[in-house]
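Residues per chain are reported as follows:
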Amino acid sequence: MSEQARSPFGVTAEGEPVERLELKHGALSCAILTYGATLHGLCVPGRDGKPVDVVLGYDTLEEYMTQDAYLGAVVGRFANRIAKGRFSLNGKEYTLAVNNGPNHLHGGIKGYSYRVWTVEELTGDKAVLTLDSSDGEEGYPGHLTVRVTYTLTEEGLTLRCEARSDEDTPLNLTNHAYFNLSGHGAGEVGGHVAAIFAHQYIPTDDTSIPLGQPADVAGTPMDFTTPTTLGERVDDAFDQLTQARGYDHCYVVDGEMGVLRPAAEVVSPKTGIKLTVKTTLPGVQLYTANYLTDRAGKGGARYAPRHAFCLETQFFPDSPNQPAFPSAVLRAGEKFDHTTCFFFGET
């Protein structure tokens, strides 16, 4: 592995060095930081053949360390929200940090997005990073070992997440990449055309906690079963949209959990780049960057609300407190093993 493909990216406040890893495969390239196992850049050719960096990010480690948006990071131990930072497991109640209004979000105060991961393997088109998560960390039970594998192929980028625990524990890992298929600094994404392969979504209260059972998307602005621009209905007078300032909802992906299947497809009319997301997980959270406050991004770009979209594949929010949802508990000695693919093409 050449020095060019593995370079320093700063040192944390605790003195831990952080590296930037570069992967290439054909016309595709990407960069991954060992801080947060973060997707730092992902370059895809547009219809004119020129590379377009389609993920938002920062130029410095300090910006990643102090951010509140989880740009590009692998988040855990539990992605999305847990109501009131509490859950019961095997007859015992656990208390977590409340870091998003009244709820727990994305693993707490120092979740996996704020940790330095270890490089286990690095080749021209693959990076394997690992993390050791101790029993009691951020309030969660069980000593957990996590491995994420980023692989570039002709089709795009594949992310495989694996984990084992010595105790039963809730586990919900996702990548929180912010995509703009017109280019990371291209501004609002309302003109992107999206299709989501889901006939149901999970309605939430005004703190983004599920109200109960999934609801049908038919007849509502939540329906992307027919390709529709992200901006067409985002400001409709629909309570689920007004309370979240846009889309910030988990969709129930059609098909069987555990089987790699399409979750969503998004196209930029400007560049012709088409992103297809496939996953083995039961849900995908569509987030239109409603709370992305104005800030500086990579290479002098400015990022602001709705300048990106996220498609976070995951178990459903608040699953530990929702017995009707697919279980997000990793049992002791069993293996968590889920895959998400970000495949690219042209229209």
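Report on the accompanying structure.

Here is what the cut-offs are and how they apply
Residues numbered from 1 in each chain as written. Predicted model: local features only at pLDDT ≥ 70, side-chain atom pairs only at ≥ 80, totals over all residues. Heavy atoms only, no water. 1 Å grid on protein atoms, 1.4 Å probe; cavity = no way out; pocket = protein on both sides within 12 Å on 5 of 7 lines; lining within 4 Å. Points joined across faces, edges and corners; volume = space filled by probe spheres on them. Helix = DSSP H or I, 4+ residues; strand = E, 2+ residues; numbered from the N terminus. Nonpolar A, V, L, I, M, F, W, Y, C, P; charged D, E, K, R; others polar. Salt bridge = Lys/Arg side-chain N within 4 Å of Asp/Glu carboxyl O. Buried < 20%, exposed > 50% of the residue type's maximum accessible area, 1.4 Å probe, protein only. Pairing = 2+ DSSP bridges.

A short note on empty space enclosed by the protein
Thought 1: Under the defined criterion, the tally for this structure stands at three cavities of 30 Å³ or more.
Thought 2: Roughly 80 Å³ of volume is contained in the largest cavity.
Thought 3: The wall of the largest cavity is formed by 13 residues, among which Leu173, Thr174, Leu281, Thr313 and Thr340 lie closest to the centre.
Thought 4: For the lining of the largest cavity, the secondary-structure elements that each account for two or more residues are β14 (156-165), β16 (174-175), β27 (310-314) and β29 (335-346).
Thought 5: Tallying contributions element by element places β29 first for the lining of the largest cavity, with five residues.
Thought 6: When grouped by side-chain class, the residues that make up the lining of the largest cavity number seven nonpolar, six polar and no charged.

A word on the pattern of salt bridges
Charged atoms that come close allow side chains of opposite charge to pair.
Thought 1: Following the criterion strictly, the structure yields 16 salt bridges and no others.
Thought 2: Two residues, Arg160 and Asp337, come together in a salt bridge whose shortest N-O distance is 2.7 Å. Taken as a pair, Arg160 in strand β14 and Asp337 in strand β29 lie far apart in primary sequence, 177 residues in all.
Thought 3: On the accessibility criterion, Asp337 (32% relative accessible area) is partly exposed.
Thought 4: Connected through salt bridges with shared partners, the residues Arg160, Glu162, Lys335 and Asp337 form a single ionic network.

Here's the deal with the sheet that holds β14
Thought 1: Taken together, the nine strands give an open sheet; going across it, the order is β11-β12-β13-β14-β29-β23-β22-β17-β20, and neighbouring strands pair in antiparallel fashion. Two strands in the sheet have a free side with no partner beyond their single neighbour: β11 (118-122) and β20 (228-229).
Thought 2: Looking at chain direction, strand β13 (residues 144-152) and β14 are connected through nine bridges and run antiparallel. Looking at the pairing, Val146 lines up with Ala163 of β14.

Section: the layout of surface pockets
Thought 1: Taken as a whole, the largest pocket encloses approximately 560 Å³ of empty space.
Thought 2: Every residue lining the largest pocket is counted, 32 residues in all, and those nearest its centre are Arg81, Asn100, Leu105, Asp248 and Tyr291.
Thought 3: If you list the elements that add at least two residues to the lining of the largest pocket, you get α2 (239-244), β21 (248-252) and β24 (283-287).
Thought 4: Counting residues per element, the lining of the largest pocket draws most heavily on α2, at three residues.
Thought 5: In terms of residue class, the lining of the largest pocket is made up of 10 nonpolar, 15 polar and seven charged.

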